[in-house]
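# What the coordinates show
Each chain is listed here by its residues.
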Amino acid sequence: MPQEVAEIVRKYLRHDKKFPHIWCAGCGNGIVLGSLIRAIDLSGVEKDNIVLVSGIGCSGRITVYVDLNTLHVTHGRALSFATGIKLAKDSLKVIVVMGDGDATAIGGNHFIHAARRNMDLTAIIINNQIYGMTGGQYSPTTPYDSKTTTSPYGHIENTFSISELAIAAGASFVARGTVYHTQLLDDAIRLAILKKGFSVVEILSNCHTHYGKLNGMETPVAAMRWFRDHVAVVGKEGALPPGRSAETDEKIRIGVLKNVEKPVYSEEYQKVRDHAKNSLSS
Amino acid sequence: MSAFGSDKKRVLLQGNEAIVEGAIAAGCRFFAGYPITPASEISERMSRRLPQLDGTFIQMEDEIAGMGAVIGASLAGVKSMTATSGPGFSLMQENLGFACMAEVPCVVVNVMRGGPSTGLPTNPSQGDVMQARWGTHGDHPVIVLAVSTVLDCFQITVEAFNMSEKYRVPVVILSDEIVAHTREVVTLPSVGEFEAYNRVSPKMPPEWYIPYADNSMGVPPMAAFGEGYHHHVTGLMHDVRGFPTQRPDEIEALVGRLFRKITQGFHEIQKVETFMMDDAEVAVIAYGSVSRSARRAVLDARRQGLKAGLLKLITLFPFPRHSVEEALQKCRVALVPEMNMGQISREVKRVNQTVSIVKKYNRVDGQLITPQEIYQQLIKI
Amino acid sequence: MEKKDDRYEICFCGSGGQGIITAAVILAEAAGVYDMKFVCQTQSYGPESRGGACKSEVVISAGEIDYPKILQPDILLAMNQSCCDLYFLNLKPKGLLVVDATMVTQIPTPRAVAVPFTKIARNEIGKEVAANIVALGAVVQLCQIVSVGNLEKALLARAPKGTADVNLQALHAGMEAAKQYDLNTLPHVVMEEEE
């Protein structure tokens, strides 16, 4: 292990307490965890000023392993807890890790409203297109016609695009990455953490154990190859690269898809406080 | 800027408004909720009062989120509360359980209205007593207090925060539509008149901090996020360090301590008021707005020569069994009037052990039980 | 032990939007905050903000008040016919019915004071919404339960900015109108016992 990596691991992981982790060998969650601590390290935000919040599911366990202020809450509600933390102590940097089911099914309402309010939070959504921890049931991002343990005859629902949902709901910053493109992921998470406003990073990840097994991608390597072959990296403002073709247009766009400046909730609320105090003294 | 200015003030307040002033006196500076009749005045006054005091009010997308934000704010070190009515209280139950498990102080007000379901939004009820005790899943300790006057709304809310901070447990205040919307005069205290209890913070350096270590009270010191302790908080069964565990010995120790801290504090938590109980032969056991009707009925009965008395329960859970037992031993009959089909009367019967006769009187038509009705029941005895 | 029944009970009823609750709150504030008495003001209402039946009750006492709602009102103010019909049977035998004669045409007892509050508000004050304050003035004139000075204080404390004069004018118009009634000339009971 290079010296640099060893230092980051020592600094950010609860290595003496809670390893080995519970994730399957080859799970994308480990790659996200690595990306997350590198991004935090590069962002320069003090460890003690970060709160990492997670919900329920495989992604939810990430908070156990990271040596920050960590909070592991009820299914789908991570953003509401995070909202309370941020409003109570604005100096804290609050990062929320969720899965696709956590963020867009049971927690879908909290997700769109946190985006609408432009809460100064970072939402990292690990999208493995399935409920992994409960045994591979379909989620709002499970592709049409794929098989899961609750769609044994083929899935008939349409999918949410998490990034597009976030853009439409009013997030300030939206990026998409995959667990194959780790450098891009490090950058996206770092930018999201440093962004003032509601920032979302959607990460396409793999669940070979449950999703892959039933859909022809039994190994993590198969998933990685799929990510490699099915994405196009966007330029600024979400534009596709020059020389785009019908083929690149078909591909999943990764990179920064939206990045705008607008007032965050806590700034707006400070105005409310000032107004309230003025009305009291006059 | 103080919470109330420098002078004591006589003001006419609704029960709902007095709850807000009580919360502020206790140090509450965060409120997250969702509009619902008949609790909305609490949100409305909070939205006006909290920003004046550098606090925060937010109206969330639903009650689930309201409860979540309240817990988050408390974990960040700010005293926080929410308020709702039956349907919203049902939605809060899962996160309320999280607060029990992770031992996060917070106060939840449930202004009871007729139920089940949408029920009677503008009428009173006492139908949520057992939901307050057992609404969230799993064995869990919780403190439930009932208010019956506007002054109660102020004082009991202060108590609720103090208990919540002291025992690191969510405290539920049960109000009802009558108490919520009754206006009475209360004298707001000057600053510092009420003792506000604050949670114990860890004094040790972070590397020595064991977030859920047992101690003599059973209540470990609580670090806020951002104070350098970088600890883990979870709704899973956890070991003393706060990390998930499946070890039976660690689970038993945790659940045991969660219950023990409440039983150890029982005598402090148990709050009742007695009225003419010294020589009483018949006891009325009541709480909430019904206890006001009961008090009048007791006076009416006394005038007819019947030695009646009132035991008004403020603490509903942990059930104040010693006070109830004492009343039952003293009186040959106990009457429990309630605006439900008999929820506290079951508890009274449970501790009675056939010492006395326990009668219930119930009304579920959205109307407050009147003094005449209780009086009629008393003279029949 | 508290004294028996020095409670004085006033019931205001009418339609949502007539200011029934506001009038009761002002009375309660005058008696409780300024006259230093014990008061309890409650209300019952339906889902409508406007138009539904609305009732507000005030109990005033020198001692602590147990039952917060009224048992039998000493005064019933009815601002419409349906509420008048619904609640007048509740009156104490020696209670008094006060009605808005603009809205209530069938008066169920001769022990009643009928003043056209709405008409006075519309014609003399120029604001029909002030009918509740006109009625409040009349009620207080008739029952004398709070001092006029304290009632004015409570009214001004609740009145929106710029409406102080109109409100005071309405209050006094109501008091003047009620002064024309001599309660001694009315029958002494709301309803005679059967012979």
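This is a predicted model, so every value here is computed, not measured.

### Observations concerning the overall build of chain A
Each helix and strand counted, chain A has 12 helices and eight strands in total. Taken over the C-alpha trace, chain A has a radius of gyration of 19 Å; the compact-globule value for 282 residues is 19 Å, and the two agree within 12%. Projecting the C-alpha coordinates of chain A onto the three principal axes gives extents of approximately 70 × 45 × 40 Å. Burial statistics for chain A: of 282 residues in total, 56% are counted as buried. Considering only contacts in chain A between residues 6 or more positions apart, those separated by 24 or more positions represent 65%. For chain A, the exposed surface amounts to about 12,000 Å²; the carbon and sulfur share of it is 54%. Considering chain A, the positive charge centre built from 31 side chains and the negative charge centre built from 27 side chains are found 4 Å apart.

### Concerning the environment of Val282(B)
All names here are of chain B. Mapped onto the elements of the fold, Val282 is located in strand β12 (residues 282–286). Each C-alpha atom, one on Val282 and one on Ala301, is 10.0 Å from the other, the two residues being 19 residues apart in sequence. Here Val282 is in contact with Leu306, Lys307, Ala308, Gly309, Cys331, Arg332, Val333, Leu378 and Ile381, once residues within four sequence places are set aside.

### Regarding the pairing of strand β5 (residues 173–178) of chain A
Residue and element names in this part refer to chain A. Burial runs high along β5: six of the six residues are buried. Judged by which residues are buried, β5 turns out to be covered on both faces: Phe173, Ala175 and Gly177 on one side and Val174, Arg176 and Thr178 on the other are all buried. Here six bridges tie β5 to strand β6 (residues 199–204), and the two strands are oriented parallel to one another. Of the residues in β6, the one forming a bridge with Ala175 is Val201. A crossover connection joins β5 to the parallel β6 through helix α8 (residues 182–194); in handedness this β-α-β unit is right-handed. In the sheet, β5 pairs with strand β8 (residues 252–259) via four bridges, with the strands oriented antiparallel. Looking at β8, one finds that Phe173 is bridged to Asn259.

### Some remarks on the interface of chain B and chain C
With 25 residues of chain B in contact, the opposing surface of chain C contributes 28 residues. Between chain B and chain C lies a buried interface of about 2,200 Å² when both sides are counted; carbon and sulfur atoms form 55% of it. When the buried area of chain B at its contact with chain C is split by residue, Arg10(B), Arg183(B) and Arg296(B) rank highest and sum to 29% of it. For the pair chain B and chain C, the interface holds one salt bridge.

### Describing a negative patch on the surface
A cluster of like negative charges, contributed by Glu192(C), Glu193(C), Glu194(C) and Glu195(C), occupies part of the molecular surface. Here Glu192(C) lies in the segment after α6 (164–179).

### Structural notes on the interface of chain B and chain A
Listed as interface residues are 42 residues of chain B and, on the opposing side, 39 residues of chain A. Taking both sides of the interface into account, the surface hidden between chain B and chain A amounts to around 3,400 Å²; carbon and sulfur atoms contribute 60%. Among the residues of chain B in contact with chain A, Glu61(B), Phe225(B) and His230(B) are the three that bury the most area, contributing 19% of the side total. At the junction of chain B and chain A, the tally comes to two salt bridges. Between Arg117(A) and Glu61(B) there is a salt bridge, with its nearest N and O atoms 2.8 Å apart. Of all the secondary-structure elements, those providing two or more residues to the side of chain B that touches chain A are α2 (40–52), β3 (56–59), α3 (63–75), α4 (86–102) and β10 (232–234) of chain B.

### Observations concerning the sheet that holds strand β11 (residues 272–275) of chain B
Across a sheet, paired strands are connected by hydrogen bonds in the backbone, their directions being either parallel or antiparallel. Residue and element names in this part refer to chain B. Reading across from one edge, β11-β13-β12-β15-β16 is the order of the five strands in this open sheet, with mixed pairing throughout. Each edge of the open sheet is held by one strand with a lone partner, namely β11 and β16 (357–362). Strand-to-strand twist across the sheet, computed as the mean angle between neighbouring axes with direction ignored, equals 20 degrees. As judged from the five bridges shared by β12 and strand β13 (residues 308–313), these two strands associate in the parallel manner. Bridged to Ile285 within β13 is Leu311. Contacting β11, β12, β13 and β15 (333–338), helix α10 (residues 290–303) crosses the sheet at an angle of about 165 degrees to β13. Across the face of the sheet, helix α11 (residues 321–330) comes into contact with β11, β12, β13, β15 and β16 while running at roughly 170 degrees to β13.

### Some thoughts on the domain arrangement of chain B
Taken as a whole, chain B is organised into domain 1 (9–188), domain 2 (206–267) and domain 3 (273–380). Placing a centre on the C-alpha atoms of domain 2 of chain B and another on those of domain 3 of chain B gives a separation of 39 Å.

### Quick look at the packing of aromatic side chains
Within this structure, the stated rule accounts for eight aromatic pairs over all chains. For the ring pair Trp23(A) and Tyr65(A), a centre distance of 5.2 Å and an interplane angle of 75 degrees mean the geometry is edge-to-face. With Trp23(A) in the loop between α1 (3–12) and α2 (28–43) and Tyr65(A) in helix α3 (residues 62–65), this pair connects stretches of sequence that are 42 residues apart. The same class applies to Trp23(A) and to Tyr65(A), which are both buried. Seen in terms of ring centroids, Trp226(A) and Phe227(A) are 6.1 Å apart; in terms of plane orientation they differ by 80 degrees. Their pairing is edge-to-face. The class of Trp226(A) is partly exposed, set by a relative accessible area of 32%. Grouping aromatic residues by their ring pairs yields a cluster made of Phe19(A), Trp23(A) and Tyr65(A). One residue, Arg295(B), lies across the ring of Phe275(B), its end atom 4.0 Å from the ring centre.

What counts, and at which threshold
Residue positions within a chain follow its written sequence, with the count starting from 1. Written order decides the labels, with chains lettered from A and ligands numbered from 1. It should be noted that, the model being predicted, local features are given only for residues of pLDDT at least 70 and side-chain atom pairs only at 80 or more, the latter also being counted only at that level, while totals for whole chains, interfaces and linings use all residues. With hydrogens and water stripped out, all remaining heavy atoms of the structure feed into the side-chain values. Here a strand is any run of E in DSSP of at least two residues, a helix any run of H or I of at least four, and the numbering for each starts at the N terminus. Every radius of gyration here is taken over C-alpha atoms, with the globule rule written as 2.2 Å times N^0.38, N being the number of residues. Accessible area is worked out with a 1.4 Å probe on protein chains only. A residue is then buried under 20% of its type maximum, exposed over 50%, and partly exposed in between. Should any heavy atoms of two residues lie within 4.5 Å, those residues are counted as being in contact. The Shrake-Rupley method, run with a 1.4 Å probe sphere, supplies the accessible areas, and residue values consider only the shown protein chains as cover. Charge convention: Lys and Arg are scored as positive, Asp and Glu as negative, and His as well as the terminal groups of each chain are ignored. Working definition for charges: the position is that of NZ of Lys, CZ of Arg, CG of Asp or CD of Glu. The rule for pairing is simple: two strands pair if DSSP sees at least two bridges between them. Handedness of a crossover is defined as follows: orient the strands so they point away from the viewer, and if the path from the first strand over the helix to the second runs clockwise, the crossover is right-handed. Buried area: the accessible area, evaluated with a 1.4 Å probe, that two parts lose upon being put together, summed over both parts. A pair is scored as a salt bridge if a Lys or Arg side-chain nitrogen falls within 4 Å of a carboxyl oxygen belonging to Asp or Glu. Nonpolar side chains (Val, Leu, Ile, Met, Phe, Trp, Tyr) are joined into patches within 5 Å and like charges within 9 Å, using only residues with over 30% relative accessible area and no salt bridge. The angle between two axes is taken between their N-to-C directions and runs from 0 to 180 degrees, where each axis is a line fitted to C-alpha atoms and a helix contributes only its stretch in contact. Each domain's limits were defined by an automated method or a database of domain assignments. For this analysis, a ring pair means two rings from Phe, Tyr or Trp (six-membered ring only for Trp) whose centres lie within 6.5 Å, classed as stacked if their planes differ by under 30 degrees, edge-to-face if by over 60, and tilted for the remaining angles. We call a charge positioned above a ring when the Lys NZ or Arg CZ atom is no farther than 6 Å from the ring centre and deviates by at most 35 degrees from the ring normal.

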